[in-house]
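Chains, contacts and geometry: an overview
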Amino acid sequence: MEQSYALRRRHFLLQMLGSIGACTGLAAVARAAPNGRDLIDRLVSPSRAARRVDKAGDGYRYFKGLGLPDHPTGAFPNPNCPGPILPQNQAYRLTAAPAAAASATPLGGWVLGVGVNGVVFDPTGPYYYRDPQTPTGWQFEVLASVARPALGIDANNAHTQPSGEYHYHGVPVGLITALARSRAQRGEPDGMLLLGWAADGFPIYAQSAPRDPWDPRSPLAALRSSYALRSGPRLGADSPGGSHDDHPGGVFVQDFEYRPGSGELDECNGRYGVTPEYPAGTYYYVVTNTFPFVPRAYRGVPDPSFWHPSPGYDAVPPALRTLSL
């Protein structure tokens with residue numbers, strides 16, 4: 001099975017090498033929100049914004065690029081993440097006028113969104129398999145202490161897909177550092193940092209934001225998620241280890257539950273408020289230091305261009321397959 005996994009990764013990498021010639025641009029943004037175009041233009045990394053795709057008047061924002069990080073990364077390949085970082089043939093579309101849906105939509109097999117540098121936010125992790133054919137429904141939390149090293153996560157809470165796509169599972173440390181440095185060089189005061197946009201069109205921000213979401217002059221604070229570890233045992237015949245007394249420890253996404261009001265953010269890890277780019281107010285997502293790290297549900301409706309299949313057994317690294325739980 002390990003040989004099958006290695007061959008599958010190699011196949012994906014060879015496919016990507018054949019498609020690199022089709023990549024003609026780097027991360028780019030087509031249209032910004034009203035009153036915020038100049039700010040967003042400056043936030044997009046000049047080294048990655050090689051061209052802009054502008055579909056004026058059609059109501060969408062477009063990203064086309066290579067998806068390459070514009071900050072230092074860990075070493076890829078590494079022993080637990082054998083894929084090197086490779087250019088991607090990106091083509092993402094999202095609405096420039098997002099609207100909240102009647103209810104939140106779980107992320108499932110979708111990419112959450114794309115950063116201003118073209119690197120995607122994709123928190124999806126592999127499923128736990130009791131046998132080689134059947135997923136149990138328990139999904140590994142990639143940033144859990146036991147899963148993180150088995151997946152070769154770097155200091156940016158990121159690693160590569162079998163295709164060589166570098167992607168964030170948590171706080172994008174390098175991106176935030178670069179954006180903060182750029183802001184300081186422009187002589188601008190500390191404030192919210194726009195990291196990118198979700199597939200439903202709503203913006204994604206770093207965790208530091210005004211305490212009062214409608215008063216940009218209120219003190220900055222690290223916003224807290226409203227998720228916590230479940231109490232009591234994991235239940236069900238398919239629970240990891242097959243035991244009813246196996247208590248949640250944060251190894252799996254299902255170990256956490258939403259507790260309304262325990263933090264500043266809702267079940268989508270977001271809230272409504274004003275931001276520098278959206279002075280009239282908007283819903284926005286927040287990437288946090290604790291679970292869910294990157295939001296796991298949409299407030300709006302994602303564009304189909306952000307879909308990717310959920311990982312199957314062949315996407316589960318051997319180190320996780322044999323992990324003692």
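Here, every reference points to the structure presented above.
Residues numbered from 1 in each chain as written. Predicted model: local features only at pLDDT ≥ 70, side-chain atom pairs only at ≥ 80, totals over all residues. Heavy atoms only, no water.

Digging into the overall build of the chain
- What the chain contains, in helices and strands, is 4 helices and 18 strands.
- Once local pairs closer than 6 in sequence are excluded, the contacts in the chain between residues at least 24 apart make up 67%.
- Carbon together with sulfur atoms contributes 56% to the accessible area of the chain, which is approximately 14000 Å² in total. (Helix = DSSP H or I, 4+ residues; strand = E, 2+ residues; numbered from the N terminus. Contact = heavy atoms within 4.5 Å. Areas by Shrake-Rupley, 256 points an atom, 1.4 Å probe, with all protein chains shown as cover.)

Here we look at the sheet that holds strand β4 (residues 113-115)
- Read across the sheet, 8 strands follow the order β8-β9-β5-β4-β10-β11-β17-β16 without closing on themselves; strand pairing throughout is mixed. The open sheet is flanked by β8 (158-160) and β16 (270-273), the only strands paired with a single partner.
- Where strand β11 (residues 203-205) meets strand β17 (residues 282-286), 2 bridges bridge the pair, whose relative direction is parallel. Within β17, the residue paired with Ile204 across the bridge is Tyr285. (Pairing = 2+ DSSP bridges.)

Here we look at the pattern of salt bridges
- Here the structure, examined in full by the defined rule, presents 11 salt bridges.
- Between Arg234 and Asp255 there is a salt bridge, with its nearest N and O atoms 2.7 Å apart. Placement of the pair is Arg234 in the loop between β14 (227-229) and β15 (256-258) and Asp255 in the loop between β14 and β15, with a sequence separation of 21 residues. The residues Arg234 and Asp255 share a single accessibility class, namely buried. (Salt bridge = Lys/Arg side-chain N within 4 Å of Asp/Glu carboxyl O. Buried < 20%, exposed > 50% of the residue type's maximum accessible area, 1.4 Å probe, protein only.)

Describing the side chain of Asp200
- You can see Asp200 is positioned in the loop between β10 (194-198) and β11.
- One buried charged residue, Asp200, remains without a salt bridge, the closest side chain of opposite sign being Arg299 at 7.4 Å.
- Within the structure, the side chain of Asp200 is placed 2.4 Å from the side chain of Tyr285, a separation counted as a polar contact.
- Discounting chain neighbours no more than four positions away, the residues touching Asp200 are Thr95, Pro98, Tyr285, Tyr298, Arg299, Gly300, Val301 and Pro302. (Lys, Arg positive; Asp, Glu negative; His and termini not counted. Polar contact = N/O pair within 3.5 Å; in protein donor to acceptor, adjacent residues only side chain to side chain.)

Examining the packing of aromatic side chains
- Going through the model one piece at a time under the given rule, you end up with 20 aromatic pairs.
- Geometrically, the ring pair formed by Phe256 and Phe291 is stacked, given 3.9 Å between the ring centres and 5 degrees between the ring planes. Placement of Phe256 in strand β15 and of Phe291 in the loop between β17 and β18 (297-298) is noted, with a sequence separation of 35 residues between them.
- Judged by relative accessible area, which is 15%, Phe256 ranks as buried.
- Classification of Phe291 by relative accessible area gives buried; the value is 5%.
- For the pair Phe291 and Phe293, a centre-to-centre distance of 6.2 Å together with 85 degrees between the ring planes defines the contact as edge-to-face. Just as Phe291 is buried, Phe293 falls in that class too.
- Among the aromatic side chains, those forming a connected cluster through ring pairs are Tyr227, Phe256, Tyr258, Phe291 and Phe293.
- When the ring centre of Tyr60 is taken as reference, the NZ or CZ atom of Arg93 above it lies at 3.9 Å. (Phe/Tyr/Trp six-rings, centres within 6.5 Å; stacked < 30°, edge-to-face > 60°. Lys NZ or Arg CZ within 6 Å of the ring centre and 35° of its normal.)

A closer look at helix α3 (residues 173-185)
- Between its first and last C-alpha, α3 extends 18 Å over 13 residues, near the 18 Å set by a 1.5 Å rise per residue.
- Within the sequence span of α3, burial applies to Gly174, Leu175, Ile176, Leu179 and Arg183. (Expected span 1.5 Å × (residues − 1).)

A few points about the nonpolar core
- Counting residues in hydrophobic clusters, the biggest one holds 46 residues, and the most contacted among them are Leu112, Phe121, Leu195, Tyr285 and Phe306.
- Elements with a contribution of two residues or more to this core: β2 (92-95), β5 (120-121), β9 (166-168), α3, β10, β11, β17 and β18.
- With sequence-adjacent residues up to four places away left out, Phe306 is seen in contact with Tyr92, Arg93, Leu94, Trp110, Val111, Gly113, Val114 and Ala199.
- Listed in part, the 10 residues of the second largest apolar core include Val142, Ala144, Val253 and Phe291. (Core = buried A, V, L, I, M, F, W, Y, C linked by side-chain atoms within 4.5 Å.)

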